[in-house]
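# An overview of the molecular structure
Here is how the chains run, residue by residue.
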Amino acid sequence: MSAWLRDESPLSPGMSDDERRTDVFGLLRDEGRHHTARVTPAGAEWLASAGPYSRSTLSLWTAHPTAPAVLPCGSAFDVVNVPSIFGRRMLDRLWSDGPGSGPVAAHRGRTLLFAAPGTAQRLPSLLSWEEWGGSGPDRRETAPPPLLCHGTGDAVTVPPLSPGPASGPRWLVAPDTRHPWLPGPDVLLWACVRAAREETASGTGSVPRPRTAPEPSAGAVPGAAARLPQSCS
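Residues numbered from 1 in each chain as written. Predicted model: local features only at pLDDT ≥ 70, side-chain atom pairs only at ≥ 80, totals over all residues. Heavy atoms only, no water.

## Digging into the overall build of the protein
This is how the line gets drawn: Strands here mean DSSP runs of E at least two residues long; helices mean DSSP runs of H or I at least four residues long; both are numbered from the N terminus. The rule is simple: take the accessible area with a 1.4 Å probe, protein chains only, and divide by the maximum for that residue type; under 20% is buried, over 50% is exposed, in between is partly exposed. A contact between two residues is defined here by any heavy atoms of the two lying within 4.5 Å. Computed with the Shrake-Rupley method and a 1.4 Å probe, the accessible areas treat only the protein chains shown as cover for residues.
Within the protein, the regular secondary structure consists of 7 helices and 8 strands. Sorting the 233 residues of the protein into buried and exposed places 46% on the buried side. Contacts in the protein between residues far apart in sequence, at least 24 positions, make up 81% of those at least 6 positions apart. On the protein, roughly 11,400 Å² of surface is accessible, and the fraction owed to carbon and sulfur atoms is 53%.

Next comes the structure, spelled out in structure tokens:
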């Protein structure tokens, strides 16, 4: 895991881009050796790689370490955007029973799970194949809450390198490597199923038995056209 940049970082406006980059990464290393869920220099580089101008993004973060950034999806990552409580249930399942998660952020009552590129296109079709224990009102009770999938053509707000306002975005699991492992649509479907089971069991005492969705045909690729975030339910 990783480290935030302190608010009081001595960043001189006269520095070159390379000097700024070295300075911010040096502070990240020095300040966060023993902290978890904080950005590392390698994690910052990975985030910046999502956009077409990674050097400019790193320079902006150096000059304004408490400012969140808006990054495009579809290249370095997709994002699955879920309600906060359901997102915590998904994280519990991913870390206790599954392979873990990629980076995860929290913002405005939502949990943002960073996923492998292409997930935004494939996950909705997998969810639509899933049987959630009935039809009509019964199905709505056992299905997950509405999810948003952000992929090619979409952008998301990511937390800053240094903690900003308490109401702003924050990392739950921060990026800490230049090539982080990212869950794909199958892993996130698995987490959705188990989180829905837990939610139903805690509310009604019954556990639905969804069937496993078949794999979509090979060769599916994310759409290249810009689009609005699509619902995953």
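## Describing the confidence of the model for the protein
The condition that has to hold: pLDDT is a per-residue confidence score from the predictor, ranging from 0 to 100.
For the protein, per-residue confidence averages 75 on the pLDDT scale, and residues scoring 70 or more make up 66% of the total. Per-residue pLDDT stays below 50 along residues 1–36; that stretch engages in 78 contacts with residues further than four places along the chain or on separate chains. When the criterion is pLDDT under 50, residues 204–229 qualifies, and its contacts beyond four places in sequence or with other chains add up to 50 contacts.

## A word on the packing of helix H2 (residues 41–48) against helix H3 (residues 54–63)
Spelled out, the test is: Axis definition: a line fit to C-alpha positions, over the contact stretch in the case of helices; interaxial angles, taken between N-to-C directions, run 0 to 180 degrees. Geometric relationships in this document are graded by angle, where less than 35 degrees denotes roughly parallel, more than 145 denotes roughly antiparallel, 65 to 115 denotes roughly perpendicular, and other angles denote oblique. Crossing chirality is assigned from the near helix's rotation relative to the far helix, an anticlockwise turn below a right angle marking it left-handed and a clockwise turn marking it right-handed. Side-chain classes follow a simple rule in which Ala, Val, Leu, Ile, Met, Phe, Trp, Tyr, Cys and Pro form the nonpolar group, Asp, Glu, Lys and Arg form the charged group, and the remainder, Gly included, forms the polar group.
Following both chains from N to C, one finds H2 and H3 inclined at 125 degrees, their axes separated by 8 Å at the closest point. Relative to H3, the element H2 lies oblique. The hand of the H2/H3 crossing is right-handed. Touching Ala44, Leu47 and Ala48 of H2 are Ser54, Thr57, Leu58 and Trp61, all from H3. Its residues placed into classes, the contact of H2 with H3 shows 5 nonpolar, 2 polar and no charged.

## Observations regarding the packing of aromatic side chains
Test applied: Pairing of aromatic rings covers Phe, Tyr and the six-membered ring of Trp, with a centre-to-centre limit of 6.5 Å; geometry is then stacked below 30 degrees between planes, edge-to-face above 60, and tilted otherwise.
Applying the stated criterion across every chain, the model contains 4 aromatic pairs. Residues Phe114 and Trp171 carry aromatic rings whose centres are separated by 5.6 Å and whose planes lie at 45 degrees to one another, so their mutual orientation is tilted. In this pair, Phe114 sits in strand E4 (residues 110–115) while Trp171 sits in strand E7 (residues 170–173), placing the two residues 57 residues apart along the sequence. In this structure Phe114 comes out as buried when scored by relative accessible area, which is 1%.

## Focus on the pairing of strand E3 (residues 104–107)
To be explicit about the condition: DSSP-based pairing: two strands are paired if at least 2 bridges between them are found.
Residues Val104 and Ala106 line one face of E3 and the alternating positions Ala105 and His107 line the opposite face, and both faces are buried. Remark: 2 residues form the turn of the hairpin made by E3 and E4, two consecutive strands paired antiparallel; Arg108 in that turn has positive phi of roughly 55 degrees. With 3 bridges joining them, E3 and E7 adopt antiparallel strand pairing. By the bridge assignment, Ala105 is partnered in E7 with Trp171.

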